[in-house]
Structure formats: structure tokens, C-alpha cells
Amino acid sequence: NSSNQEVKLVLNLTGLREDSDELLFEESIRLAASLALRSLDKGIPTGLITNGNSCLDYHAIRLPALSGKNQKTAIMQSLSSLMVVRSIENICTMLKEEVENKQRDNSIYIVISSDASEDLQHFYGQLAQKFKGSLWIMPVSQGKKELLSAELKQRVTLWEVCENEA
């Protein structure tokens, strides 16, 4: 039943630099924006959790799951203000309190992360068990997917980013 469902977009920018990983950075944001608009257009309350900092206040962004035009605006403005800083917050730490304090289990978490640290893989395993339908989308540079383990490739949805887009 989608009437009481909510979507939480989790945008992990760990390991990405705006200069060296610009395509992955931009594609991750584009993906989050597209997924947010799609679920909000269906009337599904949608939230955003990211460890990327806003250039407006230099804080990580946490938006609760809400619906409507104001939420659409809030998410789009948040995503457009994102920047990567050296001392980025650990996404697992941000998610732990979110998940542990969650009474409802009708949330679907969509993790967008090019980073595949052991911590995140372990945590995503727990997340996917508790919140059925959760998904990990991994933007990956062309030619880099061969470096991923077979086990990881089975657990994530790879989103290949072409580097020679004009």
C-alpha cells in the first residue's frame, strides 16, 4: 500500500570531489533530483539525507519526508546548493540514528553512493532487511565496474556514467 509509504533519498558524496569526480558528482545529484520529482509527483512523501554540505550554511542536509510543492522546492534548492568539503560527515553515522529511531517500516530508502566502503555495505545490508524495497544505486565511471566484487555487483544497481559526453 503506497498510501502511507515514504521515500528517503540518501545521497552519499563520500570520496567524490567536485573537480576530479565532477561527472559522478553531477550525475549523483541529477539522479537524486529525478527520483525526488518522480516520487513527489506521485504524491509520495519524500525526504533527503546527504552528507554533502550546502553552500548556503555549510551544513549537511536532512529534510524529513513530506509531500507537495514546498517539498519539491526544498529538495531542488538543497540539491542545487550542494558542495563537497574535505571533512564530510559519515553517511552511516547520519543514517544510524535515522533508522534506529524509526517506528514505521514503510519507508523505502534509496541510497545513491559511488562509495562502497565496508561500513556502508554492512549498513546497507541491515537497511535492506529492515526496509523492504530499499535500493542502492551506484554511479560508476565507465570502465570502473570491473573493479567491483561480484558480491557487490549483485547487491547494487550500477549506473554507468560516460566520461566523454559532449
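In what follows, the structure referred to is the one given above.
My aim in this report is to walk through the structure given alongside it, one point at a time. One numbering rule holds for all chains: residues counted from 1, following each sequence as written. Given that this is a predicted model, residues contribute local features only at a pLDDT of at least 70 and side-chain atom pairs are listed and counted only at 80 or more, while totals for whole chains, interfaces and linings are drawn from all residues. Remark: hydrogens and water are excluded; side-chain values derive from all non-hydrogen atoms of the structure.

With that settled, consider the nonpolar core. Here, the term nonpolar core denotes a set of buried Ala, Val, Leu, Ile, Met, Phe, Trp, Tyr and Cys residues that are joined through side-chain atoms within 4.5 Å. Each residue is placed in one exposure class: buried if its accessible area under a 1.4 Å probe, protein chains only, is under 20% of its type's maximum, exposed if it is over 50%, and partly exposed if it falls in between. Grouped together as the largest cluster of nonpolar side chains are 26 residues, with contacts concentrated most on L11, L13, L48, I75, L79, L82 and I110. Mapped by element, the contributors of at least two residues to this core are β1 (6–12), α1 (22–41), β3 (60–66), α2 (69–80) and β5 (107–113). Top element by residues in this core is α1. It accounts for 8 residues. Here, two residues are considered to be in contact whenever any of their heavy atoms come within 4.5 Å of each other. The contact partners of I75, leaving out residues within four places of it in the chain, are A36, L40, T46, L48 and L63. Formed by 18 residues, the second largest nonpolar core is a distinct cluster that contains V10, C92, M94 and V156. Working definition: helices are DSSP H or I runs of at least four residues, strands are E runs of at least two. Numbering for both runs from the N terminus.

Most of strand β2 (residues 46–54) sits out of view: 9 of its 9 residues are buried. Any two strands are treated as partners once DSSP identifies two or more bridges connecting them. Direction of pairing for β1 relative to β2: parallel, over a ladder of 5 bridges. Looking at β2, one finds that V10 is bridged to I49. The pairing of β2 with β3 spans 5 bridges and is classified as antiparallel. Bridge pairing in β3 places L48 opposite L63. Counted along the chain from β2 to the antiparallel partner β3, the turn is 5 residues long, and its residue Y58 has a positive phi close to 60°. Strand direction decides the pairing type here: β2 and strand β4 (residues 82–83), joined by 2 bridges, are antiparallel.

What follows deals with the pattern of salt bridges. We define a salt bridge as a side-chain nitrogen of Lys or Arg found within 4 Å of a carboxyl oxygen belonging to Asp or Glu. Applying the stated rule across the entire model yields 3 salt bridges. E89 is paired through a salt bridge with R62; the nearest N and O atoms lie 3.3 Å apart. Placement of E89 in the loop between β4 and α3 (91–100) and of R62 in strand β3 is noted, with a sequence separation of 27 residues between them. Given a relative accessible area of 33%, E89 falls into the partly exposed group.

A few words on α1. Taking 1.5 Å per residue as the helical rise, α1 with its 20 residues ought to reach 28 Å, and the 28 Å between its terminal C-alpha atoms agrees with that figure. Three or more residues of α1 are buried, namely L24, F25, E27, S28, I29, L31, A32, A33, A36, S39 and L40. Two residues or fewer after α1 comes G43, characterised by a positive phi angle close to 80°. Given a helix with a known number of residues, its expected span is that number minus one, times 1.5 Å.

A word on α3. Listed as buried for α3 are I91, C92, M94, L95, E98 and V99. Buried positions in α3, seen along its axis, are confined to an arc of 155° and lie on one side of it. Each element contacted by the buried residues of α3 is listed here: β1, β2, β3, β5 and α4 (118–130). Contacts described as polar in this section are N or O atom pairs within 3.5 Å, which, within protein, must combine one atom able to donate a hydrogen with one able to accept it, while residues neighboring in sequence count only if both atoms come from side chains. For α3, the side-chain oxygen to backbone nitrogen distance between the N-cap and C92 is 2.7 Å, and the N-cap itself is N90. Regarding the arc, it is the one traced by the directions from the helix axis to the C-beta atoms.

With that settled, consider the side chain of Q71. Mapping Q71 onto the fold places it in helix α2. Ignoring any residue separated from it by four or fewer positions in sequence, one finds Q71 in contact with L40, T46, G47, L63, P64, A65 and L66.

In this description, a pair of aromatic rings is defined by centroid distance and the angle of the planes. A pair of Phe, Tyr and Trp rings is counted when the ring centres sit within 6.5 Å of each other, with Trp represented by its six-membered ring. The angle between the planes then sorts it: under 30 degrees is stacked, over 60 is edge-to-face, the rest tilted. According to the stated counting rule, one finds 2 aromatic pairs in the structure shown. An angle of 65° between the planes, with centres 5.4 Å apart, marks the rings of Y124 and W136 as edge-to-face. In this pair, Y124 sits in helix α4 while W136 sits in strand β6 (residues 135–141), placing the two residues 12 residues apart along the sequence. Neither residue differs from the other here; Y124 and W136 are each classed as buried.

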